[in-house]
Every structure is written in C-alpha cells, then in structure tokens.
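Listed below, chain by chain, are the residues.
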Amino acid sequence: MIARWLLGTGLVTWRYLWETTPLYRGGECRGDDQDRPPQLPPEAVDDRVQRAEDGYGPLFHRSFRVRIAEARIDAGRLIEQVCRDFERFVPTEVVSIDADGLRGQGLDVADELVVEMPGPWNGPVRVVHRDARSLHLVTLHGHMEAGQVHFRARGEDGLLVFEIELWARAGSRLVHLLYAHLRLAKEVQLNMWVRFCLSAVAASGGRLMDGVHIATRWLDPPGTKCVTPTGDEPGESTRGTGNQLPGRRAL
C-alpha cells in the first residue's frame, strides 16, 4: 500500500503537472438555492447513507464537462460503459474499484462500490438512479465526502457531451481542512474527475473539442457567517488557452 501510494501519487502528480489538456476554470463564486443537491429517493436512504447535511464546512457544487466530436458511440452506450467498467475511467495508479457481485448490465440501483485509495479515505458509494443516459451515486459512511455525484451524457449539435456534477461537503473535519483551506483534497478531486472526463472521451472513440470545462459554486453551512473558502478566485488563469467559464454552472 505504501509503495503504491508513493509511486502512484508521484506518477499522478507528474502527469497532472505536464497535462496539456486545456482546463477552463470559471473561478469560484457563491451559489444559491439552485446549487443544493437533488432530493434522494426515500427508499435509497438508510443509516449508512452520508448525505451532504451530514458533512462539514461549505457545500461545493462542481461540474466537469467535455464535448466530443466524431464519437463512435452515442450517449447511451457511453453511460453503459461507465456502468459496466467503472474502473476503466479512474486514475488506476492510485485508485482501484471494488464492485464485486455486479450483474451483467453493470451498476444498477442499490448496487454499491468502493473507490479504494491508499490511506484512510476509501470512497464507498451506492447507486440511487440509473437510466439510459445517466448514473447517480450517493456517498456512504466512511467516504471522504458527504454528498452526491451524477454522471450524464447527451447529444448536442452533432457532438457528444459528457458531464459530471457533484454536490458535496467534507466528510470529516480533517477533510474539511485539507479541502477548503489547504486545497490538497480539492486538487486530488479535480485531477480524478478531469481524468474521468478524458477517459470518457477515449471510450467514445471521438476527439476532445475544447478542453475540460469546470465550474464551482459554494454555499455556507447553515448557521455560519459568510466566509469565502480558500480556492480559485474569479478570473484565475488556467492551463491551456481560451475563454473561462462564467461562475454560474454550465450544464
């Protein structure tokens, strides 16, 4: 585990530093009620579910989006591949997926998987919704975050669009420190979801159009004063070239 952590983290960091894919960060801005996570189906919630309100610190609403030209598969086939072979899309240098017992169609409602990482922060999640073009997960106790993640794909103007949308708070006070103040966990998360988007491009057999678009909005935890978390400021430069996303999420 230690060897994997040292070698894998070094390799991921090296690739991250030398990544040439343009990343368009719109800067962080304060959100509103539209940035709250969607209601979970009542039948999906039990005492193992770690909802956003169970976490610590601000609620972060983030989206990662890529547009793909000349894709060889459609939106439905791409989501099917995500459900059947989730591990194919994550940075396997430091992450592995434990999803034993899945049926032939891959992830489906009520299935659980664990994103295994070196250290104390494995990521157990449960599927709360799946349809032809989307997959919706909620975090379980023991995850470093408390919230939800939604994968979706669609056709748009002759292109294939793949998106990841997250609503999450830190799962513990330590993660809150690393995420909102030291930015370590935040950059790890960004790297993982950027890699996931680029893997979706590769799985589609198509061509990335204009980089990865990232938008972040945040809400203060209930009963606290309004404090801007340490992070990207509007107008921060990014790798690559091009226009920045507006602070408002683009979905």
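Quantities reported herein were computed from a predicted structural model and do not represent experimental measurements.

K.L.:
Can you break down the overall build of the chain residue by residue, with the values?
P.N.:
Counting its secondary structure elements, the chain contains 4 helices and 10 strands. Put simply, the chain runs from its N terminus to its C terminus through helices and strands in the order α-β-β-α-β-β-β-β-β-β-α-α-β-β. Counting over 251 residues, the chain shows a buried share of 49%. Surface summary for the chain: the accessible area is close to 12100 Å², and the carbon and sulfur share equals 55%.

K.L.:
Quick rundown of the layout of surface pockets? Include the residues and the values.
P.N.:
Sizing a probe to match a water molecule and rolling it over the atoms shows the empty space that remains. Here the second largest pocket is characterised by a volume of approximately 360 Å³. A per-class count over the lining of the second largest pocket returns 10 nonpolar, 3 polar and 5 charged.

K.L.:
Can you break down unusual backbone geometry residue by residue, with the values?
P.N.:
Its identity as a non-glycine residue notwithstanding, glutamate 70 has a phi of 60°, on the positive side. Using a relative accessible area of 60% as the deciding quantity, one classes glutamate 70 as exposed. In this structure, aspartate 157 takes a positive phi of about 55° despite not being glycine. By the secondary structure assignment, aspartate 157 is in the loop between β7 (145–156) and β8 (159–170).

K.L.:
Explain the nonpolar core to me, using residue names and the numbers behind them.
P.N.:
Counting residues in each nonpolar core, the largest one holds 40 residues, and the members touching the most others are Phe86, Phe151, Phe162, Ile164 and Phe196. Apart from the residues within four sequence positions on either side, phenylalanine 151 is in contact with Ile79, Phe86, Arg133, Ser134, Leu135, Leu137, Phe162, Glu163, Ile164, Trp193 and Phe196. One finds Leu40, Val49, Val138 and Leu140 within the second-largest nonpolar core, a separate group that totals 6 residues.

K.L.:
Now, about the confidence of the model for the chain: what can you tell me, with residues and values included?
P.N.:
With 71% of its residues at a pLDDT of at least 70, the chain reaches an overall mean of 80. The element-level mean pLDDT for the chain is lowest in helix α1 (residues 2–17), coming to 54, with strand β6 (residues 134–139) highest at 97. For residues 230–251, every residue scores under 50 in pLDDT, and the model assigns this stretch 71 contacts once sequence neighbours within four places are set aside.

K.L.:
Explain the side chain of histidine 150 residue by residue, including any values.
P.N.:
Secondary-structure assignment places histidine 150 in strand β7. The exposure class of histidine 150 is buried, given its relative accessible area of 14%. Once you skip the residues sitting within four places of it in the chain, histidine 150 turns out to touch Ser134, Leu135, His136, Glu163, Ile164, Glu165 and Trp167.

K.L.:
Can you tell me about the pattern of salt bridges, naming the residues and giving the values?
P.N.:
In this structure the tally under the stated criterion is 16 salt bridges. Notably, a salt bridge pairs arginine 207 with glutamate 70, separated by 3.3 Å at the nearest N-O pair. Of this pair, arginine 207 sits in strand β9 (residues 207–208) while glutamate 70 sits in the loop between β2 (56–69) and α2 (75–84), and the two are 137 residues apart along the sequence. Glutamate 165 is paired through a salt bridge with arginine 152; the nearest N and O atoms lie 3.0 Å apart. A residue pair is termed long-range when its members are at least 10 positions apart, and glutamate 165 in strand β8 and arginine 152 in strand β7 qualify at 13 residues. Judged by relative accessible area, which is 2%, glutamate 165 ranks as buried. Residues joined by salt bridges that share partners form a network here, namely Arg152, Arg154, Glu156, Glu163 and Glu165.

K.L.:
How would you sum up the pairing of β2? Please name residues and give values.
P.N.:
Most of β2 sits inside the fold, with 12 of its 14 residues counted as buried. Taken together, the 10 bridges between β2 and β8 define a ladder with antiparallel strand orientation. Note on β8: the bridge partner recorded for valine 66 is phenylalanine 162. Examined bridge by bridge, β2 and strand β10 (residues 212–219) share 7 bridges and lie antiparallel to one another. Counted as the bridge partner of phenylalanine 64 is isoleucine 214 from β10. Bridging between β2 and β9 involves 2 bridges; their strand directions are antiparallel. By the bridge assignment for β9, isoleucine 68 is matched with leucine 208.

Definitions and cut-offs
- Residues numbered from 1 in each chain as written.
- Predicted model: local features only at pLDDT ≥ 70, side-chain atom pairs only at ≥ 80, totals over all residues.
- Heavy atoms only, no water.
- Helix = DSSP H or I, 4+ residues; strand = E, 2+ residues; numbered from the N terminus.
- Buried < 20%, exposed > 50% of the residue type's maximum accessible area, 1.4 Å probe, protein only.
- Areas by Shrake-Rupley, 256 points an atom, 1.4 Å probe, with all protein chains shown as cover.
- 1 Å grid on protein atoms, 1.4 Å probe; cavity = no way out; pocket = protein on both sides within 12 Å on 5 of 7 lines; lining within 4 Å.
- Points joined across faces, edges and corners; volume = space filled by probe spheres on them.
- Nonpolar A, V, L, I, M, F, W, Y, C, P; charged D, E, K, R; others polar.
- Core = buried A, V, L, I, M, F, W, Y, C linked by side-chain atoms within 4.5 Å.
- Contact = heavy atoms within 4.5 Å.
- pLDDT = per-residue confidence, 0-100.
- Salt bridge = Lys/Arg side-chain N within 4 Å of Asp/Glu carboxyl O.
- Pairing = 2+ DSSP bridges.

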